[in-house]
Amino acid sequence: MPSMSRKTIFVTGSSGLIGSEVCTHFHAQGWHVHGVDNNQRATFFGPQGDTRWNQQRLESTLANFTHHELDIRNRDGVLALIADVAPHAIVHTAAQPSHDRAAAIPFDDFDTNAVGTLNLLEALRQVSLETPFVHMSTNKVYGDLPNTIPLVELETRWEYKDSAYEHGIPETFGIDHSKHSLFGASKVAADVMVQEYGRYFGMPTCCLRGGCLTGPSHSGVELHGFLSYLVKANKAKKQYTVFGYKGKQVRDNIHSQDVAAFIARFIDSPREAAVYNIGGGKANSCSILEAFDMVAHATGIPMDFIYSDTARAGDHICYYSDLRKCRLIIPAGNQRCRWQRLSSRLRRRHDPR
Ligand SMILES: NC(=O)c1ccc[n+]([C@@H]2O[C@H](COP(=O)([O-])OP(=O)(O)OC[C@H]3O[C@@H](n4cnc5c(N)ncnc54)[C@H](O)[C@@H]3O)[C@@H](O)[C@H]2O)c1
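The rules behind each value
- Residues numbered from 1 in each chain as written.
- Predicted model: local features only at pLDDT ≥ 70, side-chain atom pairs only at ≥ 80, totals over all residues.
- Heavy atoms only, no water.
- Helix = DSSP H or I, 4+ residues; strand = E, 2+ residues; numbered from the N terminus.
- Rg over C-alpha atoms; globule rule 2.2 N^0.38 Å.
- Buried < 20%, exposed > 50% of the residue type's maximum accessible area, 1.4 Å probe, protein only.
- Contact = heavy atoms within 4.5 Å.
- Areas by Shrake-Rupley, 256 points an atom, 1.4 Å probe, with all protein chains shown as cover.
- Lys, Arg positive; Asp, Glu negative; His and termini not counted.
- Charge placed at Lys NZ, Arg CZ, Asp CG, Glu CD.
- Pairing = 2+ DSSP bridges.
- Axes fitted to C-alpha atoms, helices over the stretch in contact; angles between N-to-C directions.
- Parallel < 35°, antiparallel > 145°, perpendicular 65-115°, else oblique.
- Nonpolar A, V, L, I, M, F, W, Y, C, P; charged D, E, K, R; others polar.

Looking at the overall build of the chain
For the chain, the helix and strand inventory stands at 11 helices and 14 strands. Computed over the C-alpha atoms, the radius of gyration of the chain is 20 Å, within 12% of the 20 Å expected from 2.2 N^0.38 for a compact globule of 353 residues. If one aligns the C-alpha atoms of the chain with their principal axes, the spans along those axes are about 55 × 45 × 40 Å. Within the span of the chain, comprising 353 residues, buried residues form 58% of the whole. Contacts in the chain between residues at least 24 apart in sequence constitute 82% of all its contacts with a sequence separation of at least 6. Accessible surface for the chain amounts to roughly 15,100 Å². Of this, 53% is attributable to carbon and sulfur atoms. Separation between the mean location of the 38 positive side-chain charges and that of the 36 negative ones in the chain comes to 7 Å.

Okay, here's the thing in structure tokens:
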């Protein structure tokens, strides 16, 4: 069992958006942080996806941070490192994260997302059955099934017509009989395996099915990082392509600090095979057109975009998370997230009444 002197957390994808935020959060709570990242994001997406800057930031600002240059597909390496570190918690955020990129690199996608997750779960099981394991899953595990919910078209967005979904998509929504993209399918494999290590071995595992996650540490690229890329494109006056659904497709957005805070709550009181939809919820959702408007008001730069009639395969027309299950483990009074504060500030600028 791990030593009790200073708690140790093992974070995969530590140079990425969520991983780096988790490292910073737990370090501030006095944990020793072991980060695993091999800058695979630069291989997936090219120089704009390079996360070395973020690794260097963590190494220079967090005294009790140790970086490990390891590929999670390296099974022997993962088994040896987890046995050596014997962490008090694992947060797994390393992934091939792009819906659209996966079709061009199916082996890399599946080996990273599905097999890499299995490597970590099994390595942990061999060390401890009590250590919490938090996995960043995705709302793409629902495939395009949310698109079967009847919708109503509003001026700037699509909205659910069926009042059963007035709070958004719950964790009980079906995950099969739909088109996922290869990315969605590899994430389903990981999600189900994480649940299975919880149910079958009684381990405290958790899947967080994210909506759009955002924050300052995202190395946003066109194929991944919705708000990060959108803001970058706006500021660089670069043309943005909207794919289908009239630009009215809706995503819910959550700040990476809120995700890290939620993960800490789960690790404080873990349970077996937990699944949560984590996102901004309805209050923090926006369509692409609405996001253009908010960003243009914030920067003063009109958004330059073109429209393509071809929607991304398996893209959600309207998706926001039902946060009621998540809220059960967040203390009352702390439920207004950072994106909500940001969007209400932007709305005030927009409509000063
Ligand atoms: N960002 C979003 O909007 C979003 C939405 C839903 C779900 N998620 C999920 O959340 C998780 C984190 O997303 P993110 O936005 O922080 O991604 P990110 O790409 O910013 O970070 C992932 C990190 O993992 C590293 N990595 C990738 N493959 C690796 C490998 N084989 N070995 C070691 N390191 C590897 C990358 O170099 C990168 O630094 C992912 O599982 C993603 O699918 C993200």
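Right, picking up where we left off after that structure.
A look at the sheet that holds strand β1 (residues 8-12)
Strand order in the open sheet made by the seven strands is β3-β2-β1-β4-β5-β8-β12, with parallel pairing throughout. The outermost strands of the open sheet, each flanked by one partner alone, are β3 (65-68) and β12 (274-278). For this sheet, the mean inter-axis angle between neighbouring strands, taken without regard to orientation, is 20°. By the bridge criterion, four bridges tie β1 to strand β4 (residues 89-92) in an arrangement that is parallel. From the neighbouring strand, Phe 10 faces β4, where its bridge partner is Ile 90. Along the sheet, helix α5 (residues 106-127) contacts β1, β4, β5 (133-138) and β8 (205-210); its crossing angle with β5, the most-contacted strand, is approximately 165°.

Things to note about the packing of helix α1 (residues 17-28) against helix α3 (residues 52-61)
It is at 11 Å that the axes of α1 and α3 come closest, and there the two elements cross at 5°. Between α1 and α3, the angle is such that the two are roughly parallel. Of the residues in α3, those touching α1 at Ser 20, Cys 23 and Thr 24 are Asn 54, Arg 57 and Leu 58. Among the residues forming the contact of α1 with α3, the class breakdown is two nonpolar, three polar and one charged.

What to know about the environment of Gly 184
Here Gly 184 shows up in helix α6 (residues 181-201). Classification of Gly 184 as buried rests on a relative accessible area of 0%. Considered as a pair, Gly 184 and Asn 139 are 45 residues apart in the sequence and their alpha carbons are 8.4 Å apart.

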